[in-house]
Amino acid sequence: MTDVPDQTLADATAVLHSALSGDGAAVVGTFDAVVDRSGLAGAYTVAWTLAATMVGDPPPGACALDFPGIDDAGYDTRWVARFVSAYANHDADTGEALFGAAVADGQLPDCLLTLAGSTVATLRSRAG
């Protein structure tokens, strides 16, 4: 992901700091502040930045990600797996569709909270 605006990076950093400290309310609060300031498009951009943080720069072409047990997982976990897969496959259209579906289903806060937690878990696994 290139050319990420400073505000998006600051928002993504705030989300990650809150998730690292286990403060789910602050994670959701940061996303709420982004929506208040920039609408759902701003929250989508922050979420896409978190996916980029998890995956890094995927190679061109199709990527296959392994998510064992995903069919038995909850809505938010399945959403994160699909959203991250969309990022890894350079498929912004699918990412946007997933984001819109989560909004329509009333699941976006839970999905974003799970995305933040998954990003933190990925960063921790890389560090250790």
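What you are looking at is a predicted structure, and each value in this text was computed from that prediction instead of being measured.

Criteria and cut-off values
- Counting restarts for each chain, with residues numbered from 1 along the sequence as it is written.
- Per-residue local features of the predicted model are confined to residues with pLDDT of at least 70, and side-chain atom pairs are confined, for both listing and counting, to 80 or more; whole-chain, interface and lining totals are unaffected and use all residues.
- Excluded from the side-chain calculation are hydrogens and water; included are all heavy atoms of the structure.
- The numbering of helices and of strands both runs from the N terminus, where a helix is a DSSP run of H or I of at least 4 residues and a strand a run of E of at least 2.
- Buried, partly exposed and exposed residues are distinguished by accessible area as a fraction of the type maximum, computed with a 1.4 Å probe on protein chains only: under 20%, between the cut-offs, and over 50%, respectively.
- Note on contacts: a residue pair is in contact if any heavy atoms of the two residues lie within 4.5 Å.
- For our purposes a nonpolar core is just a set of buried Ala, Val, Leu, Ile, Met, Phe, Trp, Tyr and Cys residues, chained together by side-chain atoms within 4.5 Å.
- Each patch is built from salt-bridge-free residues with over 30% relative accessible area, joining like charges within 9 Å and nonpolar side chains (Val, Leu, Ile, Met, Phe, Trp, Tyr) within 5 Å.
- The Shrake-Rupley method, run with a 1.4 Å probe, gives the accessible areas here. Residue values count only the displayed protein chains as cover.
- Any carboxyl oxygen of Asp or Glu within 4 Å of a side-chain nitrogen of Lys or Arg constitutes a salt bridge here.
- Axis definition: a line fitted to C-alpha atoms, limited for helices to the stretch in contact. Angles are taken between N-to-C directions and run from 0 to 180 degrees.
- Angles below 35 degrees are treated as roughly parallel, those above 145 as roughly antiparallel, those between 65 and 115 as roughly perpendicular, and all remaining angles as oblique.
- A crossing counts as left-handed when the near helix is turned anticlockwise from the far one by less than a right angle, and as right-handed when that turn is clockwise.
- The nonpolar class holds Ala, Val, Leu, Ile, Met, Phe, Trp, Tyr, Cys and Pro. Asp, Glu, Lys and Arg form the charged class, and all remaining residues, Gly among them, are polar.

1. Thoughts on the environment of F31
- By secondary structure assignment, the location of F31 is in helix α2 (residues 24-55).
- Owing to a relative accessible area of 4%, F31 belongs among the buried residues under this scheme.
- As a C-alpha pair, F31 and V120 span 89 residues in sequence and 16 Å in three-dimensional space.
- Residues within four places of F31 in sequence aside, it is in contact with V15, A43, V46, A47, L50 and L112.

2. A closer look at the nonpolar core
- In this structure, F31, W79, F83, F99 and L115 are the most contacted members of the largest nonpolar core, which totals 31 residues.
- Secondary-structure elements contributing two or more residues to this core are α1 (6-20), α2, α3 (75-88), α4 (92-104) and α5 (108-127).
- Ranked by the residues each element gives to this core, the list is headed by α2, at 12 residues.

3. Digging into a nonpolar patch on the surface
- A cluster of nonpolar side chains, V35, L40 and V103, forms an exposed patch at the surface whose accessible area comes to about 200 Å².
- Overall, the relative accessible area of 31% leaves V35 in the partly exposed class.

4. Considerations on the packing of α2 against α4
- The N-to-C vectors of α2 and α4 enclose an angle of 120°; their axes lie 11 Å apart at closest approach. Comparing their axes, α4 and α2 come out oblique. You can see that α2 and α4 cross each other, and the crossing is right-handed. Between α2 and α4, the contacting residues are L40, A43, Y44, A47 and W48 on the first element and A92, G95, E96, F99 and V103 on the second.
- Partitioning the contact of α2 with α4 into residue classes produces eight nonpolar, one polar and one charged.

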